[in-house]
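# Analysis of the macromolecular model
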Amino acid sequence: MAGSEHGGEPDHRPTAASRRGVLIGVGAIGAGVVLAACGGKDSGSPAGQPTSSDTTATAASTSVKTADVPVGGGAILKEAKIVVTQPTAGEFKAFSAVCTHRQCTVSKVADGTIDCPCHGSEYSAVDGSVVKGPAEKPLAPKTVTVAGDTVTVT
């Protein structure tokens, strides 16, 4: 029945579907910009941090070699969004690598803290608690199992 309101001529007004398509397209572009700004893929891995070939991930668990997690530091498993720390020799901890402030991925573990590059939040490498804001909530802890030279996180 297109055009019945206009004396038989086609209705050339934009449809809801075309407006929806434009909004979806704009949203997709915006999401791409946000993802790129908050830690898109890079060409390498900082010293002491494993690349994806150094880790094993499944839907239920992720693992990393104990040698890839320095004492007093840690390893960020970007694809799994997990950070594994070794506060003291032989003691391994794991947390979500997603900052609780604006959901950026943390970028560094040094001097006892897990650091977010977006707004400067810092978390304890021992328990994931907030050391420095603007984040107000701790990083979510993960379960760690060590078997031989492998740390498995679930």
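These numbers were taken from a predicted model, which means no experiment stands behind them. Each chain has its residues counted from 1, running along the sequence as written. Local features in this predicted model are restricted to residues whose pLDDT is 70 or higher, and side-chain atom pairs enter the listing and the counts only when it is 80 or higher, whereas totals over whole chains, interfaces and linings include all residues. For side-chain calculations, the full set of non-hydrogen atoms in the structure is used, while hydrogens and water are omitted.

### A few points about the sheet that holds strand β9 (residues 130-132)
Note the cut-off: Strands qualify as paired when DSSP identifies two bridges or more between them. Helix and strand assignments follow DSSP, with helices taken as H or I runs no shorter than four residues and strands as E runs no shorter than two, numbered in order from the N terminus. Each axis is a line fitted through C-alpha atoms, taken for helices only over the stretch in contact, and angles between the N-to-C directions span 0 to 180 degrees.
Ordered in space as β6-β7-β8-β9, the four strands form an open sheet in which the pairing is antiparallel. Every other strand in the sheet has two partners, leaving β6 (108-110) and β9 as the edge strands with one partner each. Each adjacent strand pair in this sheet contributes to an overall mean axis angle of 35°, direction not counted.

### So, unusual backbone geometry
Positive phi is not limited to glycine here, since K81 has a value of about 55°. Positive phi, close to 55°, is recorded for D111, a residue that is not glycine.

### Quick notes on the pattern of salt bridges
Put simply, the rule is: Each salt bridge in this description consists of a side-chain nitrogen of Lys or Arg and a carboxyl oxygen of Asp or Glu lying within 4 Å of one another. Each residue is assigned to one of three classes by its accessible area relative to the maximum for its type, calculated with a 1.4 Å probe on protein chains only: buried under 20%, partly exposed between the two thresholds, exposed over 50%.
The final tally for this structure, using the stated rule, is three salt bridges. K65 is the partner of D149 in a salt bridge, and the nearest nitrogen-oxygen pair spans 3.7 Å. In this pair, D149 sits in the loop between β10 (144-147) and β11 (150-153) while K65 sits in strand β2 (residues 62-65), placing the two residues 84 residues apart along the sequence. A residue is classified by how much of its surface remains accessible, and D149, at 44% relative accessible area, is partly exposed. Residue K65 is classed as partly exposed on the basis of its relative accessible area of 38%. Residues D115 and K108 are paired through a salt bridge, measuring 3.8 Å at the closest nitrogen-oxygen approach. Looking at K108, the relative accessible area reads 42%, which means it is partly exposed.

### Focus: the environment of K132
Along the chain, the position of K132 falls in strand β9. As for K132 and D115, which are separated by 17 residues in sequence, their C-alpha atoms are 9.3 Å apart.

### Thoughts on the pairing of strand β3 (residues 74-77)
Of the two faces of β3, the one carrying G74 and I76 and the one carrying A75 and L77 are both buried. With antiparallel pairing between neighbouring strands as the criterion, β3 and strand β4 (residues 82-88) make up a hairpin whose turn holds four residues, including K81 at a positive phi of roughly 55°.

### Overview of the state of the cysteines
Threshold: Note on terminology: pairs of cysteine sulfur atoms within 2.5 Å are recorded as disulfides.
Inspection of every chain in the model, using the stated rule, returns one disulfide. Each sulfur in the disulfide pair C104 and C118 lies 2.0 Å from the other. Linking C104 and C118, the disulfide has an S-S dihedral of approximately -105° and is accordingly described as left-handed. Placement of C104 in the loop between β5 (91-96) and β6 and of C118 in the loop between β7 (113-115) and β8 (122-124) is noted, with a sequence separation of 14 residues between them. Overall, the relative accessible area of 3% leaves C104 in the buried class. For C118, a relative accessible area of 29% puts it in the partly exposed group.

### Notes on the side chain of S121
Operational definition: Contacts described as polar in this section are N or O atom pairs within 3.5 Å, which, within protein, must combine one atom able to donate a hydrogen with one able to accept it, while residues neighboring in sequence count only if both atoms come from side chains. Contact criterion: two residues are considered in contact whenever any of their non-hydrogen atoms come within 4.5 Å of each other.
Along the polypeptide, S121 turns up in the loop between β7 and β8. Within the structure, S121 has its side chain in polar contact with the backbone nitrogen of A135 (distance 3.0 Å). When neighbours within four sequence positions are excluded, S121 is seen to be in contact with C99, H101, I114, D115, C116, K132, G133, P134 and A135.

### Topic: the confidence of the model for the protein chain
Operational definition: By definition, pLDDT measures how confident the predictor is in each residue, and it falls between 0 and 100.
For the protein chain, per-residue confidence averages 76 on the pLDDT scale, and 61% of positions sit at 70 or higher. When mean pLDDT is taken per element in the protein chain, β5 scores highest with 97 and helix α1 (residues 16-37) scores lowest with 47. Below a pLDDT of 50 lies the segment residues 2-6, which in the model reaches seven contacts outside its immediate sequence neighbourhood of four places, other chains included. When the criterion is pLDDT under 50, residues 26-56 qualifies, and its contacts beyond four places in sequence or with other chains add up to 30 contacts.

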